[in-house]
Amino acid sequence: MDRVERLRKLQEESRQMRQRFLLEDGTPNPEYHTPRVCPVCNNEDSLTPWLTTDSGNRYVKCNCGMRFVTPTMTANMQEGLYTTRETTGYKWDAWKHTVESLKPATAPKHSQRYELLLKHSHRGKLLDFGCGFGNLADELKFFFDEVEGLEIDPERAQVARDTFGITVYDQKIDDLDLKDRFDAVICYNALEHFLEPLAALTKLHEAMRPQGVVYIEVPAWGSLSMKILGGMHHVVRSIEHINMFNAWSLGRLFEKAGFQVLEWRTVKLDLSANDFFNYEFKRNEFVHRLNPLLKDGKSYRFLCRACDSVAARLFPVLLKVWRGAGSYLQMVASA
Ligand SMILES: [Zn+2]
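Residues numbered from 1 in each chain as written. Predicted model: local features only at pLDDT ≥ 70, side-chain atom pairs only at ≥ 80, totals over all residues. Heavy atoms only, no water.

Undergrad: How do you make sense of the nonpolar core when you look at a structure like this?
TA: In summary, soluble globular proteins display a tendency toward joint burial of nonpolar side chains. With 38 residues, the main nonpolar core has F129, I216, F245, L250 and F254 as its most contacted residues. Listing elements by their share of this core, those giving two or more residues are β6 (125-129), β9 (182-188), α7 (197-207), β10 (208-219), α10 (247-256) and β13 (328-334). Three or more residues apiece are contributed to this core by two domains, here domain 1 (3-72) and domain 2 (100-270 + 321-334). Non-local contacts of L250, meaning those with residues more than four positions away in its chain, are made with L191, I216, V218, F245, L329 and M331. By size, the runner-up hydrophobic cluster in this structure holds 28 residues, among which are L102, C131, F133 and A157. (Core = buried A, V, L, I, M, F, W, Y, C linked by side-chain atoms within 4.5 Å. Buried < 20%, exposed > 50% of the residue type's maximum accessible area, 1.4 Å probe, protein only. Helix = DSSP H or I, 4+ residues; strand = E, 2+ residues; numbered from the N terminus. Domains from an automatic or database assignment. Contact = heavy atoms within 4.5 Å.)

Undergrad: Sorry if this is basic, but what is going on with the side chain of N43 here?
TA: Locating N43 in the fold gives a position in the loop between β1 (33-34) and β2 (48-52). One polar contact links the side chain of N43 to the main-chain amide nitrogen of D45, over a distance of 2.9 Å. With near-sequence residues (within four places) excluded, N43 lies in contact with V37, C38, C62 and N63. (Polar contact = N/O pair within 3.5 Å; in protein donor to acceptor, adjacent residues only side chain to side chain.)

Undergrad: Please clarify how the sheet that holds β9 should be interpreted in this entry.
TA: Hydrogen bonds between backbone atoms are what pair the strands of a sheet, whose relative direction is either parallel or antiparallel. Spatial strand order, β8-β7-β6-β9-β10-β13-β12: seven strands in an open sheet with mixed pairing. What marks the edges here is a single partner per strand, and that holds for β8 (167-169) and β12 (260-267). The sheet shows a mean angle of 20° between the axes of neighbouring strands, taken without regard to direction. Judged from the seven bridges that link them, β10 and β13 form a sheet pairing that is antiparallel. When the bridges of β13 are listed, P219 appears paired with Y328. Contacts from α10 reach β10, β12 and β13 within the one sheet, and its direction differs from that of β13 by about 25°. (Pairing = 2+ DSSP bridges. Axes fitted to C-alpha atoms, helices over the stretch in contact; angles between N-to-C directions.)

Undergrad: Just to check I follow, could you spell out the coordination of the zinc ion for this structure?
TA: Note on metal geometry: ideal angles are 109.5 degrees for four donors arranged tetrahedrally and 90 or 180 degrees for six donors arranged octahedrally. The coordination sphere of the zinc ion contains the protein donors C38 (SG), C41 (SG), C62 (SG) and C64 (SG), at a distance range of 2.3 Å. Taken together, the four donor atoms surrounding the zinc ion define angles of 100 to 118° at the centre, an arrangement classified as tetrahedral. Mapping the donors of the zinc ion onto the primary sequence gives the spacing C-x2-C-x20-C-x1-C. You can see C41 sitting in the loop between β1 and β2 and its partner C62 sitting in the loop between β3 (58-61) and β4 (67-69), a full 21 residues away along the chain. A residue is classified by how much of its surface remains accessible, and C41, at 22% relative accessible area, is partly exposed. (Donors = N, O, S within 2.8 Å, 3.2 Å for Na, K, Ca; no water. Tetrahedral: all angles 85-135°; square planar, octahedral: opposite > 155°, others 65-115°.)

In structure tokens, the structure reads:
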């Protein structure tokens, strides 16, 4: 099975896993779900439906700029999505290949993934909050005196320790005493999973030393690719994604936790030409980022490559006039 097939299977299995907790008509089974107030402003009254995905995510929008899933699975079940084999098991088929290819980095890389962090940080000791298999933490070891990780999935935490030799906490941040421990934190595509992102950020604020910075990347709901794909965009289909931010709502969350925003931007178009053509001409089979080529043959491939290369040149120009066009929001704030 190749990578795309594995990932398609993974998406289908996650959708089926989610179905177990829905009623026959696709609505959330109240036995497993609880309603949720806005995780940024606590609003529970003036929420209006935003979109529903075929994976069973029901998003609402709040006046504060936040989009979030409600009702969500209960806190225990939500945590179980990351910590028990019963619910993480289906992912390991696809992850096995990732784990096999993990290798410690041998030289520093300059990556768009952490450019803003390096720009604003005074280095020192870094925490990778939600570090997964630890590969990003490993890349950052060249830039910081010390790097630690936090990953609540004990099996992924162990892979990170074994592969990269870094210290990884596998408890929840609430259960750890991290007061004044870090000069920098990276939280890379993790906050969209959190039932209570404000509590997590508040705890991170305590963990910071003076002049410490926190850098977050999350999927953004206001991007160009979201405007085209709506509920078929992979970031809103994922059953683990329950928060969708924009610059306004993430900035507000940072400020409520005691931080001052230093800089933000959005990055990545996240829509290939082949995906776009599949979306236009074969929508019933469309799976974002995992579509086979719409047509065989050299000329179709050439057309896709040409479109992708034009898009790659034009997108940075678009970002200058429409700052929120990118699919991922990056924000850095000081403690
Ligand atoms: Zn709100």
